[in-house]
Structures are given as structure tokens and as C-alpha cells.
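In case you want the letters, here they are:
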Amino acid sequence: MSIMQILKYPDPRLRLKASYVHHVDNQIRGLVNDMFETMWDAKGIGLAATQVNVHKRVVVMDLNCDRSAPRVFINPEIEVLDSSCVAYDEGCLSIPDIIESIERPSKVIIRALDQDGVSFQVEATDLLAVCIQHEIDHLEGKLFVDYLSAMKRQRIRKKLKKHRE
Ligand code: NI
């Protein structure tokens with residue numbers, strides 16, 4: 001297992017659209033293991049393969065952030081069950097130290113494959129619903145800052161640039 005490098009906004013590779021996984025094989029399971037190590041090392045609760053520059057539809061998650069609740073979603077899709085929105089303070093390992101309140105639908109069904117290639121579905125509310133939508137956005141090349149005003153996005157870009165210098 002190894003820790004991978006996480007791409008940081010505004011890296012253009014974060015804008016690539018991930019392709020579907022056709023075979024859940026050992027290569028994918030190796031990627032999943034590395035993504036878990038990378039996410040836990042960075043103290044995140046969710047990570048999409050896009051963020052480690054692998055453009056496949058793979059997401060890992062651990063809402064407890066402590067290795068106790070690992071979840072894998074391969075080719076995840078959602079259906080919105082309740083379009084009334086909840087606001088959550090969202091952060092992202094690709095946009096360090098930035099937290100913004102984002103509104104998303106509060107209840108969804110997630111359909112995906114697990115690490116054995118078996119399909120499953122789960123009804124999700126609250127943090128799980130928000131997190132899977134955030135991660136699926138990554139697979140589409142979308143980031144949570146895209147929901148903010150252009151002016152706010154500009155401010156965030158400047159702040160991150162200052163951090164790097
Ligand atoms: Ni993110």
C-alpha cells in the first residue's frame with residue numbers, strides 16, 4: 001500500500017471526467033487500498049480517484065475518519081429521493097483549509113459496485129448523502145467551489161496561491 005499525491009485546485013487534471021470501471025479486478029482493489037491510505041493520511045472522510053490522478057469512477061469514504069467505517073463505491077450513481085436541500089460546511093482534500101456552506105439534496109439512493117464487483121444500493125441522508133454527491137462531482141470534473149460566486153472562487157484561488165508560496 002502506498003500514499004498517493006493528491007491534486008490541488010486549480011490543477012486542470014481535477015477537471016477530467018472519469019471513465020466507468022468495466023472489471024473490478026486486483027488493479028482496482030489495489031487502487032482502493034492506496035486511496036484509503038491516502039485519505040486517512042490526509043485526515044479526510046472521502047476521496048475520489050480523480051483526486052489522485054486516476055480517472056476511473058472509484059470513491060472511498062470513511063465518515064468517521066478513523067478507519068472504522070470504510071466504504072467503497074465503484075461506478076456510483078444517485079437518485080434524488082428528496083430534493084429539499086440541506087446546507088453543510090464542505091471541505092475538500094484538493095482545496096486545503098477552505099470550508100464553505102453548500103446546499104445539496106438531503107436524501108438520495110446510491111447505487112454502486114463494491115470492491116468485489118457486486119452491486120448494492122443504500123439509502124443515504126445527511127453527511128453520507130452530501131459526501132457521495134461531492135465525490136461524484138469529482139468524477140465529473142466538478143468541485144464544490146463551482147457552486148460559489150466567481151468572486152468568492154477568485155478569493156479562494158488567491159488564498160491557496162499565497163499558501164503555496
Ligand atoms: Ni473533494
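Asks: Quick question: what am I supposed to make of the overall build of the protein chain here?
Replies: A tally of helices and strands in the protein chain yields 3 helices and 5 strands. Computed over the C-alpha atoms, the radius of gyration of the protein chain is 15 Å, within 12% of the 15 Å expected from 2.2 N^0.38 for a compact globule of 165 residues. Projected onto its principal axes, the C-alpha coordinates of the protein chain cover approximately 45 × 40 × 30 Å. When burial is assessed residue by residue, the protein chain has 45% of its 165 residues classed as buried. With an accessible surface of roughly 8700 Å², the protein chain has 49% of that area assigned to carbon and sulfur atoms. Between the mean site of the 23 positive side-chain charges and the mean site of the 24 negative ones, the protein chain shows a separation of 8 Å.

Asks: Help me understand the coordination of the nickel ion in this model?
Replies: Octahedral six-donor coordination of a metal ideally yields angles of 90 or 180 degrees, compared with 109.5 degrees for tetrahedral four-donor coordination. Looking at the nickel ion, one finds its protein donor set to be Cys92 (SG), His134 (NE2) and His138 (NE2), positioned 2.1 to 2.3 Å from the metal centre. Here the donor residues of the nickel ion are spaced in sequence according to C-x41-H-x3-H. Separated by 4 residues within a single helix, His134 and His138 lie in helix H2 (residues 126-139), roughly one turn from each other. Like His134, the residue His138 is buried in the burial classification.

Asks: Whenever I open this one, the environment of Cys131 confuses me. Can you help?
Replies: By the secondary structure assignment, Cys131 is in helix H2. Residue Cys131 is classed as buried on the basis of its relative accessible area, which comes to 6%. Taking the C-alpha atoms as reference, Cys131 lies 11 Å from Val108; in sequence the two are 23 residues apart. Each residue touching Cys131, except ones within four places of it in the same chain, is listed here: Ile45, Gly46, Met61 and Leu63.

Asks: Is there a simple way to explain unusual backbone geometry in this structure?
Replies: Most peptide bonds take the trans configuration, and most residues that are not glycine carry a negative phi. Cis geometry marks the peptide bond from Tyr9 to Pro10, where omega comes out at 5°. Along the polypeptide, Pro10 turns up in the segment before helix H1 (26-41). Phi is positive for Asn75, which is not a glycine, with a value near 55°. Of note, Asn75 is situated in strand E3 (residues 70-92). One non-glycine residue with positive phi stands out, namely Asp126, at about 50°.

Asks: Honestly, the pattern of salt bridges in this entry has me stumped. Any pointers?
Replies: When the charged atoms of two side chains lie near each other, side chains of opposite charge can form a pair. In total, this model carries 10 salt bridges according to the counting rule given. For Arg13, the salt bridge is made with Asp11, and the minimal N-O distance between the two is 2.7 Å. Looking at Asp11, the relative accessible area reads 17%, which means it is buried. A salt bridge links Lys152 to Glu100, with the shortest nitrogen-to-oxygen separation between them at 3.3 Å. Remark: Glu100 occurs in strand E4 (residues 95-113) and Lys152 occurs in helix H3 (residues 150-164); sequence separation between them is 52 residues. Through salt bridges that share partners, Lys17, Arg57 and Glu140 make up one connected network.

Rules used throughout
- Residues numbered from 1 in each chain as written.
- Predicted model: local features only at pLDDT ≥ 70, side-chain atom pairs only at ≥ 80, totals over all residues.
- Heavy atoms only, no water.
- Helix = DSSP H or I, 4+ residues; strand = E, 2+ residues; numbered from the N terminus.
- Rg over C-alpha atoms; globule rule 2.2 N^0.38 Å.
- Buried < 20%, exposed > 50% of the residue type's maximum accessible area, 1.4 Å probe, protein only.
- Areas by Shrake-Rupley, 256 points an atom, 1.4 Å probe, with all protein chains shown as cover.
- Lys, Arg positive; Asp, Glu negative; His and termini not counted.
- Charge placed at Lys NZ, Arg CZ, Asp CG, Glu CD.
- Donors = N, O, S within 2.8 Å, 3.2 Å for Na, K, Ca; no water.
- Contact = heavy atoms within 4.5 Å.
- Salt bridge = Lys/Arg side-chain N within 4 Å of Asp/Glu carboxyl O.

Such coordinate-based values are descriptive only and should not be taken to indicate function.
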